[in-house]
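Take a look at the letters that make up each chain.
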Amino acid sequence: MEYLSRVLMEVQSFQGFKYHSLCRRLHLAHLCFADDLFMFCYGNVSSVSILMRGFLTFSRAFGLVMNKQKSCLYANGIEDTNMQRILLITGISRGGRVPVPWFHFVWNKIALPKHSFISWLLMNERLLTKSRPLRLGAVVGAECPICDCPGEDQRHLFFTCVSSARCLSLLALKFCLRLPPSKIDKWWSAYRFESLFHKKVVGAIEVGLIYQIWTVRNHCLHEGIPWRSEVVVKRVIYEVIVCCRHQVSNLVLRKYQNWLYSLL
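Predicted model only: the values in this text are computed from it and were never measured. (Residues numbered from 1 in each chain as written. Predicted model: local features only at pLDDT ≥ 70, side-chain atom pairs only at ≥ 80, totals over all residues. Heavy atoms only, no water.)

A. View of the packing of aromatic side chains. Across all of its chains, the model carries ten aromatic pairs by this definition. Here phenylalanine 197 and tryptophan 259 contribute two aromatic rings whose centre-to-centre distance is 6.4 Å and whose plane-to-plane angle is 70°, an arrangement assigned as edge-to-face. Of this pair, phenylalanine 197 sits in helix α10 (residues 196-223) while tryptophan 259 sits in helix α12 (residues 250-262), and the two are 62 residues apart along the sequence. Pairwise contacts between aromatic rings join Tyr3, Phe55, Phe58 and Phe62 into one cluster. Seen from the ring of tyrosine 42, lysine 18 lies directly overhead, with NZ or CZ sitting 4.0 Å from the centre. (Phe/Tyr/Trp six-rings, centres within 6.5 Å; stacked < 30°, edge-to-face > 60°. Helix = DSSP H or I, 4+ residues; strand = E, 2+ residues; numbered from the N terminus. Lys NZ or Arg CZ within 6 Å of the ring centre and 35° of its normal.)

Written as structure tokens, this is what we have:
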């Protein structure tokens, strides 16, 4: 995967390549996770061709090929002629957009893409917690890396683990949210905020918290690093505020900057 990332990062500098509009500032064109690969670019023929050229370079070097039956292309706002050319270049079918209630919660424009990606895996129950290899018959310790409680699955890790529950409680207290911790994806849609901007910021913080809990879990698993819930929540809020500086217009920032910095 390291070689694949290097190749895809190199082709991003080729003439004719354009980033997806939401990934331009981060120079993000791909994400790798376990056996999944996501590639993003502007919806034109040249950008798709360049990304595919990079992937095929990797494929020829290692003999690993795309499973076209399990691959989908998602696009919107592209002319039919260009869409057909893109489908021909990639050789995969176009995926349909299946509406899910948490779509706008996860793919919040203010949220960092890496935060949204981990939340997407969580909502689709694809995170590699210890319960997954156990279901496949692998012999691994089932204890939660954070609190050492037995039976680490997604529900425990994000909602019933003592440290994670403390993070959620701090977040709920800060924004006066009165919903059960196990309904984190409902907070964003059910609570009435003062404005759409308030709602998006809180949603981005919740998505960021999911990412940070997963990151801390991996640090505890591999390095045994302790953590404090208060520090994690502050780190998430800080990252979202920094992201707002890049994703939000100066007019909106000036209007809400006092509220944003009051969150720290």
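B. Summary view of unusual backbone geometry. Even without being glycine, histidine 27 reaches a positive phi, approximately 55°. With respect to the helices, strands and loops of the structure, histidine 27 is situated in the loop between α1 (2-11) and β1 (30-33). By relative accessible area, histidine 27 is classed as exposed at 54%. Of note, glutamate 125 is a non-glycine position whose phi angle comes to about 55°, a positive value. Residue position: glutamate 125 is located in the loop between α5 (113-123) and α6 (131-135). (Buried < 20%, exposed > 50% of the residue type's maximum accessible area, 1.4 Å probe, protein only.)

C. Main features of helix α2 (residues 45-62). The end-to-end C-alpha separation of α2 is 26 Å, in line with the 26 Å expected for 18 residues at 1.5 Å each. As for α2, its buried residues are in contact with α1, β2 (36-39) and α3 (80-90). Phi turns positive one or two residues past the end of α2, at glycine 63, with a value near 75°. (Expected span 1.5 Å × (residues − 1). Contact = heavy atoms within 4.5 Å.)

D. Region of interest: the pattern of salt bridges. Summed over all chains, the structure comprises four salt bridges. Across the pair arginine 217 and glutamate 152 runs a salt bridge, and its minimum N-O distance is 2.7 Å. A residue pair is termed long-range when its members are at least 10 positions apart, and arginine 217 in helix α10 and glutamate 152 in the loop between α6 and α7 (154-160) qualify at 65 residues. Considered together, arginine 217 and glutamate 152 belong to a single accessibility category, that of buried residues. For glutamate 230, the salt bridge goes to arginine 166, with nearest N and O atoms at 3.0 Å. Within this pair, whereas glutamate 230 is found in helix α11 (residues 229-247), its partner arginine 166 is found in helix α8 (residues 162-174), the two being separated by 64 residues in sequence. (Salt bridge = Lys/Arg side-chain N within 4 Å of Asp/Glu carboxyl O.)

Shape descriptors only; they carry no functional weight alone.
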